[in-house]
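Okay, here's what each chain looks like letter by letter:
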Amino acid sequence: MSRPVLLDCDPGTDDAIALWLALAAPEIDLQLVTVAGGNVGLERTLPNARAVLGLAGAALPVMGGADRPLIGVFRSETQVHGMDGLGGVVLPEGPPAAPGLAADAIRERLRTAAPGSVTLVGLGPATNFALALATEPALAGRVAEIVLMTGAVGEGNWTAAAEFNAAMDPEALAILLGCGRPVTLATLDLTAQALVTPERIAALRALKGGACLHACADILAALPPSRRFGHRGAPLHDPCAVAWLVAPDLFTHRAVAASVVCEGPDRGRTRIDRWGRSKIPANARLLETLDAEAFFALLGAGIAGLR
Ligand code: RIB
Ligand code: CA
């Protein structure tokens with residue numbers, strides 16, 4: 001049974017892999033891809049999203065949206081993703097973007113959806129989804145679940161306090177955490193368990209696949225090994241959020257109260273109460289552990305099935 005999904009992203013090396021996994025998964029009926037500025041500027045993330053979907057031959061609307069956060073200035077993360085956003089991997093140009101703006105398209109899709117039927121997957125700064133839901137709050141009732149790669153229980157990767165997506169637009173994340181619909185969080189603490197190592201890249205390259213698998217392996221090989229993990233590899237963030245919809249049995253999770261700091265030096269820090277100390281009712285599901293071997297096997301098998 002596949003579920004309707006609207007996916008927002010900022011490709012972005014890991015976003016690209018996540019898009020291919022979403023396209024490959026029969027559990028996901030990917031209906032719309034919207035794009036924000038994030039890892040690199042919107043002038044790059046939008047063509048990158050078009051190219052990623054084009055390589056897979058996906059005929060679904062891709063639309064640009066926010067090129068900056070709700071409040072504050074745009075900042076990017078070219079150190080990890082390169083100036084082009086795909087680690088220097090060059091893909092053929094994809095089909096043109098659909099006309100219009102992301103937040104409007106998200107609202108149009110939700111307005112015609114049945115109650116509680118649409119899953120939102122957020123892989124970048126949450127600006128586009130927040131603009132849609134803040135403009136028409138009643139549309140939250142059409143949302144089944146919001147799955148986000150965002151935040152951290154522990155230390156951040158943009159500042160000591162804040163993970164990149166949360167730090168880029170904490171006000172947008174606060175809107176999603178407060179919209180009353182179930183939010184599933186794939187934080188840095190989870191994605192750290194999905195370490196891209198040379199051995200895992202070699203295993204992908206050993207699979208029989210097409211252009212998408214080859215590009216996936218090339219993009220993964222371009223990820224700079226992280227000093228946070230002793231240069232053993234790089235965490236693969238966004239595909240973890242998509243994998244939750246494809247193979248939830250690979251995860252353990254718990255209900256938590258989650259919020260985000262919007263002021264001061266810890267702006268963007270996610271406060272995730274794993275033990276209920278705050279007595280605040282749980283508003284999110286925290287993904288805690290991942291079967292990494294099964295995750296990479298799922299990733300390889302899925303993307304090998306694309307053209
Ligand atoms: O902190 C990691 C997240 O920020 C990932 O989604 C990555 O693509 C960037 O958007
Ligand atoms: Ca991303």
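Okay, so let's go over this structure. (Residues numbered from 1 in each chain as written. Chains lettered and ligands numbered in written order. Predicted model: local features only at pLDDT ≥ 70, side-chain atom pairs only at ≥ 80, totals over all residues. Heavy atoms only, no water.)

### Regarding the pattern of salt bridges
Applying the stated criterion across every chain yields a total of 13 salt bridges. Where E136 meets R107, a salt bridge forms, and the shortest distance between an N and an O atom there is 3.0 Å. Of this pair, E136 sits in the loop between α5 (127-135) and β5 (143-149) while R107 sits in helix α4 (residues 102-111); the two residues are 29 residues apart in sequence, bridging distant segments of the chain. Look at E136 and you get partly exposed, because its relative accessible area is 23%. Owing to a relative accessible area of 15%, R107 belongs among the buried residues under this scheme. The closest approach of N and O atoms between R111 and E136, which form a salt bridge, is 2.7 Å. Of this pair, R111 sits in helix α4 while E136 sits in the loop between α5 and β5, placing them 25 residues apart in sequence. (Salt bridge = Lys/Arg side-chain N within 4 Å of Asp/Glu carboxyl O. Helix = DSSP H or I, 4+ residues; strand = E, 2+ residues; numbered from the N terminus. Buried < 20%, exposed > 50% of the residue type's maximum accessible area, 1.4 Å probe, protein only.)

### Section: α5
Among all positions of α5, only T127, N128, F129, A130, A132 and L133 are buried. The inward-facing, buried residues of α5 abut β1 (3-9), β2 (28-35), α4, β4 (118-122), β5 and α7 (170-177). (Contact = heavy atoms within 4.5 Å.)

### A closer look at the nonpolar core
In this structure, L7 and W20 are the most contacted members of the largest nonpolar core, which totals 69 residues. Other than its neighbours up to four places away in sequence, W20 contacts V52, L55, A56, L91, C212, A215, C216, I219, I303 and L306. (Core = buried A, V, L, I, M, F, W, Y, C linked by side-chain atoms within 4.5 Å.)

### Digging into the layout of surface pockets
Volume-wise, the largest pocket comes out at about 740 Å³. The wall of the largest pocket is formed by 32 residues, among which E77, V80, N157, R228 and H237 lie closest to the centre. Those elements that provide at least two residues to the lining of the largest pocket are α1 (13-24), α3 (78-81), α6 (164-168), α8 (188-191) and β8 (234-235). Of the residues that constitute the lining of the largest pocket, the class distribution is 13 nonpolar, 11 polar and eight charged. (1 Å grid on protein atoms, 1.4 Å probe; cavity = no way out; pocket = protein on both sides within 12 Å on 5 of 7 lines; lining within 4 Å. Points joined across faces, edges and corners; volume = space filled by probe spheres on them. Nonpolar A, V, L, I, M, F, W, Y, C, P; charged D, E, K, R; others polar.)

### Topic: helix α10 (residues 211-222)
Relative to the 16 Å expected for 12 residues at 1.5 Å per residue, α10 spans 16 Å between its end C-alpha atoms, a close match to the ideal helical length. Turning to α10, its buried residues are C212, L213, A215, C216, A217, I219 and L220. The secondary structure elements touched by the buried residues of α10 are α1, α2 (42-55), β7 (195-196), α9 (198-205) and α12 (292-304). (Expected span 1.5 Å × (residues − 1).)

### A closer look at the pairing of strand β9 (residues 251-260)
As defined by bridge partners, β9 adjoins strand β11 (residues 284-290) across six bridges and the pair is classed as antiparallel. Note on β11: the bridge partner recorded for V256 is A284. The pairing of β9 with strand β10 (residues 270-273) spans four bridges and is antiparallel. Along β10, the bridge assignment pairs A258 with I272. (Pairing = 2+ DSSP bridges.)

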